[in-house]
Amino acid sequence: YWGIFVAGLLIYMWLLGYQWMPPVAFQPAIENPDEIKTIKVTAGQWFWTLEQEVRADTGNNQSNNNNYSSQITVNAGDTVKFVARSQDVNHGFAILSSSNSMDSPLIQMQVVPGYDNIVYYTFDKPGIYTIRCFEYCGWNHPYMLSQITIEAV
């Protein structure tokens, strides 16, 4: 009887909370996929490397140049596709809601070695946002920080 009671209680709690559950395969609706800014994120012990794809149109030829940095600048209102990959161990990629390194996260994902981990986000407010590792990755983990600057258009 205890097993039936616990199972019934869990089902009841699941039904109550179902309306707040996020969709499993959420993919944002993107109106203009050509306007997405792609930032490749490489995680390693104990650093972030950010690579922003810069597209330059020269006549009919389109060439891609890359800009490597630990700090990236994006315009407010731009949709950004973060493609993250780890070189060594699991890392937790999180962008905090301000430059305060103890603020709440806007986005967060696990960065698993050997896989491209992708998340989309549109920054609405200008400011400096902190990128932080949320998965303990070794003794120097607290200093695994970077920044992304969102400029007003």
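Position numbers for residues count from 1 along each chain, tracking the sequence in the order it is written. Reporting of local features is limited, given that this is a predicted model, to residues whose pLDDT is at least 70; pairs of side-chain atoms are given and counted only at 80 or more, and all residues count toward the totals for whole chains, interfaces and linings. Hydrogen atoms and water are omitted, and side-chain values are computed over all heavy atoms in the structure.

Check the secondary structure of the chain and you find one helix and ten strands. Reading the secondary structure of the chain in the N-to-C direction produces α-β-β-β-β-β-β-β-β-β-β. The buried share among the 153 residues of the chain stands at 28%. Long-range contacts, defined here as pairs at least 24 residues apart, represent 60% of the contacts in the chain between residues at least 6 apart. Per-residue and other accessible areas follow the Shrake-Rupley method at a 1.4 Å probe size, with only the shown protein chains counted as cover for residues. Accessible area of the chain: about 10300 Å², with a carbon and sulfur share of 54%. Secondary structure elements follow DSSP: runs of H or I of four or more residues count as helices, runs of E of two or more count as strands, with numbering from the N terminus. The buried label goes to any residue with under 20% of its type's maximum accessible area, the exposed label to any with over 50%, and the partly exposed label to all in between, with areas taken from a 1.4 Å probe on protein chains only. Contact between two residues is taken to exist if any of their heavy atoms lie within 4.5 Å; hydrogens are not considered.

Strand pairing in a sheet relies on backbone hydrogen bonds, with the paired strands running either antiparallel or parallel. Paired strands are those between which DSSP finds at least two bridges. Spatial strand order, E4-E10-E9-E6-E7: five strands in an open sheet with mixed pairing. Each edge of the sheet is formed by a strand with only one pairing partner; in this case those strands are strand E4 (71–75) and strand E7 (105–111). Strand-to-strand twist in this sheet, taken as the mean axis angle between neighbours without regard to direction, amounts to 20 degrees. Where strand E9 (residues 127–133) meets strand E10 (residues 145–151), six bridges bridge the pair, whose relative direction is antiparallel. Following the sheet pairing, isoleucine 131 is matched in E10 by serine 146. Note on definitions: angles span 0 to 180 degrees between N-to-C directions of axes, and those axes are lines fitted to C-alpha atoms, for helices only across the stretch in contact.

Another aspect to go through is the pattern of salt bridges. We define a salt bridge as a contact between a side-chain nitrogen of Lys or Arg and a carboxyl oxygen of Asp or Glu at a distance within 4 Å. This model, assessed by the stated rule, comprises one salt bridge. Two residues, aspartate 116 and arginine 85, come together in a salt bridge whose shortest N-O distance is 2.9 Å. One end of the pair, aspartate 116, is in the loop between E7 and strand E8 (117–122); the other, arginine 85, is in strand E5 (residues 79–86), with 31 residues separating them in the sequence.

A few words now on the nonpolar core. Ranked by size, the top nonpolar core spans 25 residues in total, and within it Ile39, Phe82, Phe93, Ile95 and Ile148 carry the most contacts. Those elements that place two or more of their residues in this core are strand E1 (37–44), strand E2 (47–58), E4, E5, strand E6 (91–96), E7, E9 and E10. Each residue touching isoleucine 148, except ones within four places of it in the same chain, is listed here: Ile39, Ile72, Val74, Phe82, Ile95, Phe123, Gly127, Ile128, Tyr129 and Ile131. In these notes, a set of buried Ala, Val, Leu, Ile, Met, Phe, Trp, Tyr and Cys residues joined through side-chain atoms within 4.5 Å is what counts as a nonpolar core.

Attention shifts here to the packing of aromatic side chains. Ring pairs are drawn from Phe, Tyr and Trp, using the six-membered ring of Trp, whenever the two centres fall within 6.5 Å, and their geometry is named by plane angle: stacked under 30 degrees, edge-to-face over 60, tilted for the rest. Under the defined criterion, the tally for this structure stands at seven aromatic pairs. Centre to centre, the rings of phenylalanine 82 and phenylalanine 93 are 5.5 Å apart; their planes meet at 50 degrees, and the pair counts as tilted. Of the two residues, phenylalanine 82 sits in strand E5 while phenylalanine 93 sits in strand E6, which places them eleven residues apart along the sequence. For phenylalanine 93, a relative accessible area of 0% corresponds to the buried category.

Once that is clear, we can look at a nonpolar patch on the surface. Residues Trp2, Phe5, Val6, Leu9, Leu10, Tyr12, Met13 and Leu16 make up a contiguous nonpolar surface patch of roughly 910 Å² in combined accessible area. Using a relative accessible area of 42% as the deciding quantity, one classes valine 6 as partly exposed. Each patch is assembled from residues with relative accessible area greater than 30% and no salt bridge, linking like charges that lie within 9 Å and nonpolar side chains (Val, Leu, Ile, Met, Phe, Trp, Tyr) that lie within 5 Å.

Take unusual backbone geometry next. Residue tryptophan 46 is bonded to the preceding glutamine 45 through a cis peptide linkage, with omega at 10 degrees. In this structure, tryptophan 46 sits in the loop between E1 and E2.

Counting buried positions over the six residues of E6 gives six, a clear majority of the element. With six bridges connecting them, E6 and E7 associate as antiparallel partners. Paired with phenylalanine 93 across the two strands is methionine 109, which belongs to E7. Here E6 pairs with E9 via three bridges, running antiparallel. Bridging across to E9, alanine 94 finds its partner in arginine 132.

Remember, this is a structural readout, not a statement about activity or role.
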